[in-house]
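Commentary on secondary and tertiary structure
Read off the chains here:
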Amino acid sequence: MAAVAGGRPRPETLGAILRREGGGAGLSRAFKPLAQSPLSCETSLRKLKLKGKSKGLKAMRAARTAPFHLDLWFYFTLQNWVLDFGRPIAMLVFPLEWFPLNKPSVGDYFHMAYNVITPFLLLKLIERSPRTLPRSVTYVSIIIFIMGASIHLVGDSVNHRLLFSGYQHHLSVRENPIIKNLKPETLIDSFELLYYYDEYLGHCMWYIPFFLILFTYFSGCFTASKAERWMPGPALLLVAPSGLYYWYLVTEGQIFILFIFTFFAMLALVLHQKRKRLFLDSNGLFLFSSFTLTLLLVALWVAWLWNDPVLRKKYPGVIYVPEPWAFYTLHVSSRH
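What counts, and where the lines are drawn
- Residues numbered from 1 in each chain as written.
- Predicted model: local features only at pLDDT ≥ 70, side-chain atom pairs only at ≥ 80, totals over all residues.
- Heavy atoms only, no water.
- UniProt positions renumbered as here; feature names shortened; annotations may be inferred.
- Helix = DSSP H or I, 4+ residues; strand = E, 2+ residues; numbered from the N terminus.
- Expected span 1.5 Å × (residues − 1).
- Bend = angle between axes of the 7 residues up to and from the residue.
- Phe/Tyr/Trp six-rings, centres within 6.5 Å; stacked < 30°, edge-to-face > 60°.
- Lys NZ or Arg CZ within 6 Å of the ring centre and 35° of its normal.
- pLDDT = per-residue confidence, 0-100.
- Contact = heavy atoms within 4.5 Å.
- Axes fitted to C-alpha atoms, helices over the stretch in contact; angles between N-to-C directions.
- Parallel < 35°, antiparallel > 145°, perpendicular 65-115°, else oblique.
- Left-handed = near helix turned anticlockwise from the far one by under 90°.
- Nonpolar A, V, L, I, M, F, W, Y, C, P; charged D, E, K, R; others polar.
- Core = buried A, V, L, I, M, F, W, Y, C linked by side-chain atoms within 4.5 Å.
- Buried < 20%, exposed > 50% of the residue type's maximum accessible area, 1.4 Å probe, protein only.
- Salt bridge = Lys/Arg side-chain N within 4 Å of Asp/Glu carboxyl O.

1. Some points on the UniProt feature "transmembrane region" (unreviewed entry) in the protein chain
Sequence positions flagged by UniProt for "transmembrane region" (unreviewed entry) are, in local numbering, residues 109–126, 138–155, 200–218, 230–248, 254–272 and 284–306. As annotated, residues 254–272 comprises 89% helix and 0% strand, and the C-alpha atoms at either end are separated by 29 Å. Along residues 284–306 the backbone is 91% helical and 0% strand, and the end-to-end C-alpha distance reaches 33 Å.

Encoded structure:
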C-alpha cells in the first residue's frame, strides 16, 4: 500500500505491484493501460457491457419481423391495375376527338404517372426491407427502370395508336397490311426498330431491375416466429388481383424467362431457409403466393391457346406465351 497526503493509503495499481514484485517487462507493458488509472478495469468492463447490449439490440432488431405492409401492397396493386393494365383500355374508351392521333393519348399520361409512382413505391419498399442492395446498386437499378419504362412509353404509344389505322398485334411488323406495302421499304425497318425498342430493349431495362428489387426484398422476409407465419385477411384479398396483374405483366411483356427464373430463385431460397428453421413472414407469403398464382394462370393461358395456328406462327419456338393484346386483335376486335 502506498501512502498519500492526509495519512490515507491509496491502493497500488496492478502494474505497480508487478514492477515491485519483479514482474517481467512484457507483463508490465501488457498491463500498462491498467497501471495508468485504478479505474481502468471498471471502465473496460463498462465498455464491454455496452458493446454487448449494442449487439443484443442489433440481434433483436434483426429477429423482429416487420408487419404486413398493407399500404404499400395496396397502392402497388391499385396503380398497377389502373396505370399499367388500364392504359390501352383507357385509350380505346376515351373519344379520339379528345386525344388526336398526333398528340399523346390518355394512356400515355397514365404511363407517365406510372413511371413516377412505381419507382417511388419501390424505394419505399426498399426502405422497409430488412435486407437491401448496396445504395449505389439501388440507385442504378431505379435509373435503369425509369429509362426502360420511358423507352417503352414512346414505342407502346405509337404501336397502340396504329390500332386506329388497322394495325394487327397478332401479326409481325412486316406482315401487317398497313406496313408491308410502305414505300420506300426502309420505312419498314424503322417500324421494326420501333418495335424492338418497345418490346425488347424497353422491357429488359424495365423489368430486370423491377424483379431484382422484388427478389432482394423477398430475401429479407423470413422469420423464426410461428406467430408471423400467416397472412392477415387484407393480404388474402390482395393475392388474387396481384397474381392476375403479374399474369398480364408476364404474358404481355413477354418476360416468362425472367419471371420463371425469379420464381425458382425464390423457391430455392425458401427451401434453403427452411433448413435453418426460418419461414416466410406475411409479406413474403403474399409475394410468393402472388407469383404462384401467376404461374398457374400462365400455364392455363398457354394450354388454352396451345393449338391456335395464327398465334403459333407469331410466337414460334419452345417458349410459347401469347400476348393478351394479340389475342384481342385476332379473336375479339376482328369480330366487331
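2. Considerations on helix α9 (residues 186–219)
For α9, which comprises 34 residues, the first-to-last C-alpha distance of 48 Å matches the rise-based estimate of 50 Å (1.5 Å per residue) to within 8%. H203 marks where α9 bends most, by close to 40°.

3. Details of the packing of aromatic side chains
On inspection of all chains with the given rule, the structure shows 33 aromatic pairs. Ring geometry for F210 against F211: centres 5.5 Å apart, planes inclined by 90°, an arrangement best described as edge-to-face. Over the face of the ring belonging to W306 we find R312, whose NZ or CZ atom lies 4.1 Å from the ring centre. The positively charged end of R312 is found above the aromatic ring belonging to Y320, 4.1 Å away from the centroid.

4. Describing the confidence of the model for the protein chain
Per-residue confidence for the protein chain gives a mean pLDDT of 83; residues scoring 70 or more make up 78%. In the model, residues 30–36 has pLDDT below 50 throughout and makes 10 contacts with residues more than four positions away in sequence or in other chains. Note that pLDDT drops below 50 for residues 53–64; the model gives that stretch zero contacts with residues more than four away or on any other chain.

5. Considering the packing of helix α10 (residues 233–253) against helix α12 (residues 282–304)
In contact at an axis separation of 7 Å, α10 and α12 are set at 50° when each is read in the N-to-C sense. Taken together, α10 and α12 sit at an angle that is classed as oblique. Crossing of α10 against α12: the hand is right-handed. Residues A235, L238, V239, A240, S242, G243, L244, Y246, W247, V250 and T251 of α10 lie in contact with α12, whose contacting residues are F286, S289, S290, F291, L293, T294, L297, V298 and W301. Residue composition of the contact of α10 with α12, by class: 14 nonpolar, six polar and no charged.

6. Describing unusual backbone geometry
A cis amide bond links K183 with the next residue in sequence, P184, at an omega value of -10°. Mapped onto the fold, P184 is located in the loop between α8 (177–180) and α9. One non-glycine residue, Q254, lies in positive phi territory at about 55°. Assignment of secondary structure puts Q254 in the loop between α10 and α11 (256–275). The backbone of R277 sits at a positive phi, close to 60°, despite the residue not being glycine. Along the chain, R277 turns up in the loop between α11 and β4 (279–280).

7. Brief notes about the nonpolar core
Judged by nonpolar contacts, the single largest core of 58 residues is most densely connected at F210, F218 and F291. For this core, the secondary structure elements donating two or more residues are α5 (70–93), α6 (106–127), α7 (135–161), α9, α10, α11, α12 and α14 (324–332). The dominant element in this core, judged by the number of residues it contributes, is α10, at nine residues. Formed by six residues, the second largest nonpolar core is a distinct cluster that contains V173, I179, I188 and Y195.

8. Re the pattern of salt bridges
The tally for this structure, following the rule as stated, stands at nine salt bridges. When the shortest N-O distance is used, the salt bridge between R174 and D189 registers 2.5 Å. Remark: D189 occurs in helix α9 and R174 occurs in the loop between α7 and α8; sequence separation between them is 15 residues. For D189, a relative accessible area of 38% translates into the label partly exposed. One continuous salt-bridge network, built from bridges that share partners, spans D84, R87 and D156.

9. Regarding the packing of α7 against α9
Contact geometry of α7 with α9 gives a least axis separation of 7 Å together with a crossing angle of 150°. With respect to their mutual orientation, α7 and α9 come out roughly antiparallel. Crossing hand, α7 versus α9: left-handed. A class-by-class count of the residues in the contact of α7 with α9 yields 17 nonpolar, seven polar and two charged.

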